[in-house]
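# Structural overview for review
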Amino acid sequence: MPQIHFLDVTNRDGVQTARTGLSKFGKTMVNFYLGRLGVAQSEIGFPFLFHETPYVRAQVALAQAGAFGGLRLSGWCRGVTQDVEKALPLGLAHYNLSISTSDYMIANKFRGRLDRAAIVREMTAAVRAAKRAGARTVGVNAEDGSRTDDAFLTEFALAAKEAGADRVRYCDTIGGDTPDRVRERFATLAAAVGMPVETHCHNDLGLAVANSISGALGDLEAGQDAWINTCVNGIGERAGNADLLSCVLAFRHGFGLDAEIGDPIDLSWARRFSLWAGYAFGQPLPYNQVGVGLNAFAHESGIHADGALKDHGNYELYDEATLGPFPQDHHAREGRVVLTGEYGGKAGFRHVMDALEIVPADEDLAFTLVQLCNAMTGRPLTDDELRLIAGYPHELALLFPGQLA
């Protein structure tokens, strides 16, 4: 039976969000949390960019050491051979290669530099380069797929498949698609090409989650697995991308959705991830954020309060306990507290490690990494961040080439 899988793009589309950002250590923590949640794959960034190189090497090493569980790491490249060739030496096994496909972008973005035939040539050459080098999976992204006609989308996807691609990503780049249309287009395209079509939905109409669910159902109708692109807390360019938690909850609790999630999702990490992300991105969660907002399980009006007190199921779709505990981090304690960070000493470092019952794998290196990571993030380190540093100091040291003896 075809299944639902989640491919999170926080570390690619999410970090491209205007007026925000995330350090390379922060991007590492996104992969840590995605691994704990049981998500299938993380699009970790841009392996062809010089400033991503140390970060990508560190992620590959951390994955090999088991820091991210079964999470697969993939790199995003433009659909050109040069990007792929720059990325290949870093050791990633999975790629998504992106190129625009709509007539609108051919006319107004490429402006005569590429036509449809050239787009297919560029894309297939990039796919073959990745596969020749041993890439395990390659997805091909049809940027502005929602404004690309059915015939060329099918031609593009079939050419990608023949070149060795494993999936095609349908990008609703400007967020104008609607659920019924998406479901029909996904079912038609997936059936025509015989491979999964990934959802990549933006939220300009507030429909990113609905469109993602509908597109996935179209895949299932065609007998193909569905791959849904998400971001933590729904962040992303402009109005954002499909929210990871909302998509998972929809398939678990949405009425009439008969679909099996193929990833080993553990939602007991949901609150910790979402609240950490709000802290790290500097974007506090809205009170009504799905599942994790301050008011997600709050009741005040008389009828609702009375019903919830009798049985929370009267006014709640799912049990809030399934989303895990709220973080109670050492750095957020009130009153007298000793922290460890950029300017801290060994005494403070050992005090915090002892308080958290953490035994570093290499105390001296972990102490140095705490200083470097705190300097990189510019904010107090969380308990989970300290645990990752203490558990995998040698792999994390790859984030700082030339800075550690």
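Summarised in this report is the structure supplied together with it. (Residues numbered from 1 in each chain as written. Predicted model: local features only at pLDDT ≥ 70, side-chain atom pairs only at ≥ 80, totals over all residues. Heavy atoms only, no water.)

Another aspect to go through is the packing of helix 12 (residues 346–355) against helix 13 (residues 363–377). One can describe the packing of helix 12 onto helix 13 by two numbers: an axis separation of 11 Å at closest approach and a directional angle of 100 degrees. Relative to helix 13, the element helix 12 is oriented roughly perpendicular. The residues of helix 13 that touch helix 12, namely those facing Lys346, Phe349 and Arg350, are Glu363, Asp364, Ala366, Phe367 and Val370. (Axes fitted to C-alpha atoms, helices over the stretch in contact; angles between N-to-C directions. Helix = DSSP H or I, 4+ residues; strand = E, 2+ residues; numbered from the N terminus. Parallel < 35°, antiparallel > 145°, perpendicular 65-115°, else oblique. Contact = heavy atoms within 4.5 Å.)

It is worth spelling out the sheet that holds strand 4 (residues 94–100) at this point. Strand order in this closed barrel of 8 strands is 1-2-3-4-5-6-7-8, and the pairing throughout is parallel. Strand-to-strand, the axes of this sheet are offset by a mean angle of 25 degrees, without reference to chain direction. Docked against the sheet, helix 4 (residues 103–110) engages strand 4 and strand 5 (137–143), running at close to 80 degrees with respect to strand 4. (Pairing = 2+ DSSP bridges.)

Moving on to the packing of aromatic side chains. In the structure shown here, the tally under the stated rule is 11 aromatic pairs. A centroid spacing of 6.3 Å and a plane angle of 90 degrees characterise the contact between phenylalanine 46 and phenylalanine 48, whose relative ring orientation is edge-to-face. Residue phenylalanine 46 is classed as buried on the basis of its relative accessible area, which comes to 12%. Phenylalanine 48 gets classed as buried once you look at its relative accessible area, which sits at 12%. Three or more aromatic residues link up through ring pairs in this structure, and these residues are Phe32, Tyr33, Trp269, Phe273 and Trp276. Taking the ring centre of tyrosine 104 as reference, the NZ or CZ of arginine 147 above it sits at 4.2 Å. (Phe/Tyr/Trp six-rings, centres within 6.5 Å; stacked < 30°, edge-to-face > 60°. Buried < 20%, exposed > 50% of the residue type's maximum accessible area, 1.4 Å probe, protein only. Lys NZ or Arg CZ within 6 Å of the ring centre and 35° of its normal.)

A word on the nonpolar core. Judged by nonpolar contacts, the single largest core of 126 residues is most densely connected at Ile4, Phe6, Phe251, Leu267, Phe273, Trp276 and Ile389. When residues in this core are grouped by element, the largest group, 8 residues, is from helix 5 (residues 116–132). Not counting residues up to four positions away in its chain, the partners in contact with leucine 267 are Leu37, Leu245, Val248, Leu249, Arg252, Thr322, Leu323 and Gly324. (Core = buried A, V, L, I, M, F, W, Y, C linked by side-chain atoms within 4.5 Å.)

The next point concerns the environment of proline 380. Here proline 380 lies in the loop between helix 13 and helix 14 (383–391). Each C-alpha atom, one on proline 380 and one on glycine 66, is 25 Å from the other, the two residues being 314 residues apart in sequence.

Turning next to helix 13. Over its 15 residues, helix 13 extends 21 Å from the first C-alpha to the last, a length consistent with the 21 Å expected when each residue adds 1.5 Å. Turning to helix 13, its buried residues are Leu365, Ala366, Phe367, Leu369, Val370, Leu372, Cys373, Asn374 and Thr377. Residues of helix 13 that are buried sit in contact with helix 1 (24–37), helix 12, helix 14 and helix 15 (393–396). After helix 13 finishes, the residue glycine 378 shows a positive phi value of roughly 70 degrees. (Expected span 1.5 Å × (residues − 1).)

What follows covers the environment of valine 359. With respect to the helices and strands, the residue valine 359 is situated in the loop between helix 12 and helix 13. A relative accessible area of 74% means that valine 359 is categorised as exposed. Considering only alpha carbons, one finds valine 359 and isoleucine 303, 56 residues apart in sequence, at a separation of 50 Å.

All right, on to helix 6 (residues 150–163) then. When the terminal C-alpha atoms of helix 6 are compared, their 20 Å separation across 14 residues agrees well with the 20 Å that a helix rising 1.5 Å per residue should span. Buried within helix 6 we find Phe152, Leu153, Phe156, Ala157, Ala159, Ala160 and Ala163. Taken down its axis, helix 6 places every buried residue within 160 degrees of arc, on the same side. Within helix 6, the exposed residues directed more than 90 degrees away from the buried face are Ala151 and Glu162. Buried residues along helix 6 sit in contact with strand 4, helix 5, strand 5, strand 6 (167–172) and helix 7 (179–193). Where helix 6 begins, one side-chain oxygen reaches toward the backbone nitrogen of alanine 151, 3.1 Å away; that side chain belongs to aspartate 149. The first or second residue beyond helix 6 is glycine 164, which carries a positive phi of 120 degrees. (Arc of directions from axis to C-beta. Polar contact = N/O pair within 3.5 Å; in protein donor to acceptor, adjacent residues only side chain to side chain.)

What follows concerns the packing of helix 5 against helix 6. Contact geometry for helix 5 and helix 6: axes closest at 9 Å, N-to-C directions at 25 degrees. Viewed along their axes, helix 5 and helix 6 adopt a mutual orientation that is roughly parallel. Helix-helix and strand crossings are classified by hand; for helix 5 and helix 6 the assignment is right-handed. Residues Arg116, Ile119, Val120, Met123, Thr124, Val127 and Arg128 of helix 5 pack against Phe152, Glu155, Phe156, Ala159, Ala160 and Ala163 of helix 6. (Left-handed = near helix turned anticlockwise from the far one by under 90°.)

Once that is clear, we can look at the pattern of salt bridges. In total, this model carries 24 salt bridges according to the counting rule given. One salt bridge in this structure joins lysine 27 and glutamate 52, with 2.9 Å as the shortest N-O distance. Here lysine 27, found in helix 1, pairs with glutamate 52, found in the loop between strand 2 (41–45) and helix 2 (53–64); they are 25 residues apart in sequence, far enough to count as distant. Assigned by exposure class, lysine 27 and glutamate 52 land together as buried. With its nearest N and O atoms 2.8 Å apart, the salt bridge here joins aspartate 177 to arginine 181. By relative accessible area, which is 1% here, aspartate 177 ends up buried. Classification of arginine 181 as partly exposed rests on a relative accessible area of 35%. In the salt-bridge network here, residues are joined through shared partners; they are Arg12, Asp13, Glu43, Arg167, Arg169 and Glu198. (Salt bridge = Lys/Arg side-chain N within 4 Å of Asp/Glu carboxyl O.)

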